[in-house]
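Next come the chains, spelled out residue by residue.
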Amino acid sequence: MNPKLATLSGSINVELSNRVREIEANGEKVLKLQTGEPDFETPKAIIESAHQAMMSGSTHYCASSGVSELKEVIAKKLTSQNKIASFKENVLVSHGAVHAFYLVSQSILAEKDEVIIISPYWMPYKSCVELAGATPVVIDSSSHHFALPLDEIEQAITSKTKAIIINSPNNPSGVIYDKEALTQLIEISKKHGIYIISDEVYEDICFSKEHHSVAALTDDNERIVSIFSLSKGYAMTGWRIGYIHASTELISTFNKLAQYTVTSICHFTQIAAITALTSSEAANEKQAMKNEYSHRRGSILAHIKGTWLEEKLVVPQGAFYCLIDVSSFTGDSAEFARKLLSEYKVCFTPGEAFGLIDTPHIRMTFATDLNTIVKALDILITVGG
Ligand SMILES: Cc1ncc(COP(=O)(O)O)c(C=O)c1O
């Protein structure tokens, strides 16, 4: 077996999901607050467009970097919405953001490179870095209220540092990085000649702050790779479609690997993605989903007023998660999540799954119905009270 696979950590999420299934198989109900995907259906206009595309023969192999028409639509969207001056040659369509990370890490990293990752982080960052033979250097942002820890980042840079991965709006903290902090990060990356890999998959779900694409904040963005997805904003997790913006040289390198790993992205999914990015129906539904997340967020904040959670829950600026500091009750977030599941039949994701070890937290999704959310909050209020 490839020894690199042995370095991939087994997931606590899988363990908890298996346990949830066992409990449900025994006829008991579980409040599930651990999932990382929208609880809405994909907008109808997108589904109809895929159906039509299938019926009219878009069911074959196509260009490995994505069909030209979709790449043009994406380049226009990046230019007008994200303010990243973009052409279709700067775009590669990927099998979701997770595949984008694989392509980027395998293309730009080599053995012995170091990559700075900010904890809490989405676990595949670390796995992709390790699979490329490079070393993740993790910086904990919890003492900075999950903002970009710029001083620590600069201190962690060595001659081996190749890249830094950032994620804003952030899963799991919900923090959106300030424009000023991103601008300073660009300065640091230029000074040391390192790449910024920016995960912006939650760009459509912002509440109290504007999202800024880091690649838009400099004219010289050759070393910035930006990763986007239709999964979260359009409730399209199962369609597996995302895209990368980067320099034309990097895009052609990513494309070489894409040819050998996926051949091409499903053609009718790409046609549906054009509909997602251009139709007013899809845009309206995306807005309606965002409004519902915003409503749930408001209800959560109202419900926890005056309880211990008011102090310990990180108010999300974006995405659809609440991160909760449980360090007053436990030194081990996984143990705490196991206990909540076995004793109270409520499932959260432990912070350990995001590399948050020193300050135990749990993550609660609000991409689920308000009734479930309120019941789960009441359990937490009781447990902590
Ligand atoms: C921060 C972050 N990036 C990327 C992804 C994956 O996106 P995709 O479904 O496009 O692979 C997720 C999914 O949970 C995520 O939370």
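Below or above, wherever it landed, is the structure these notes cover. (Residues numbered from 1 in each chain as written. Predicted model: local features only at pLDDT ≥ 70, side-chain atom pairs only at ≥ 80, totals over all residues. Heavy atoms only, no water.)

Moving on, we come to the packing of aromatic side chains. A full pass over the atoms with the stated rule returns twelve aromatic pairs. With centroids separated by 4.9 Å and ring planes inclined at 45°, the aromatic side chains of Phe101 and Tyr125 adopt a geometry described as tilted. Of this pair, Phe101 sits in helix 5 (residues 96-108) while Tyr125 sits in helix 6 (residues 124-131), and the two are 24 residues apart along the sequence. Side by side, Phe101 and Tyr125 carry an identical accessibility label, which is buried. An angle of 80° between the planes, with centres 4.8 Å apart, marks the rings of Trp308 and Phe329 as edge-to-face. Within this pair, whereas Trp308 is found in helix 12 (residues 308-312), its partner Phe329 is found in the loop between strand 10 (321-325) and helix 13 (333-344), the two being separated by 21 residues in sequence. A relative accessible area of 18% places Trp308 in the buried class. Members of the aromatic cluster, joined through ring pairs, are Phe40, Tyr202, Tyr293, Phe320 and Tyr321. Taking the ring centre of Phe228 as reference, the NZ or CZ of Lys77 above it sits at 4.5 Å. Positioned over the ring face of Tyr195 is Arg223, at 4.6 Å from the centre of the ring. (Phe/Tyr/Trp six-rings, centres within 6.5 Å; stacked < 30°, edge-to-face > 60°. Helix = DSSP H or I, 4+ residues; strand = E, 2+ residues; numbered from the N terminus. Buried < 20%, exposed > 50% of the residue type's maximum accessible area, 1.4 Å probe, protein only. Lys NZ or Arg CZ within 6 Å of the ring centre and 35° of its normal.)

The next point concerns the layout of surface pockets. Considered as a void within the structure, the largest pocket measures approximately 900 Å³ in volume. Considering the residues around the largest pocket, the lining is formed by 37 residues, among which Asn13, Trp122, Pro124, Asn171 and Arg363 are closest to the centre. Looking at the lining of the largest pocket, the elements with two or more residues in it are helix 2 (12-25), helix 5 and helix 6. For the lining of the largest pocket, the element with the most residues is helix 2, which contributes five residues. Looking at the lining of the largest pocket residue by residue, the classes come out as 16 nonpolar, 15 polar and six charged. Here the lining of the largest pocket gathers at least three residues from each of two domains, domain 1 (3-41 + 282-384) and domain 2 (60-279). Estimated volume of the second largest pocket: approximately 380 Å³. Breaking the lining of the second largest pocket down by element, the ones donating at least two residues are helix 4 (68-82) and helix 11 (280-303). In terms of residue count, helix 11 provides more of the lining of the second largest pocket than any other element does, four residues in total. Residue composition of the lining of the second largest pocket, by class: four nonpolar, six polar and seven charged. (1 Å grid on protein atoms, 1.4 Å probe; cavity = no way out; pocket = protein on both sides within 12 Å on 5 of 7 lines; lining within 4 Å. Points joined across faces, edges and corners; volume = space filled by probe spheres on them. Nonpolar A, V, L, I, M, F, W, Y, C, P; charged D, E, K, R; others polar. Domains from an automatic or database assignment.)

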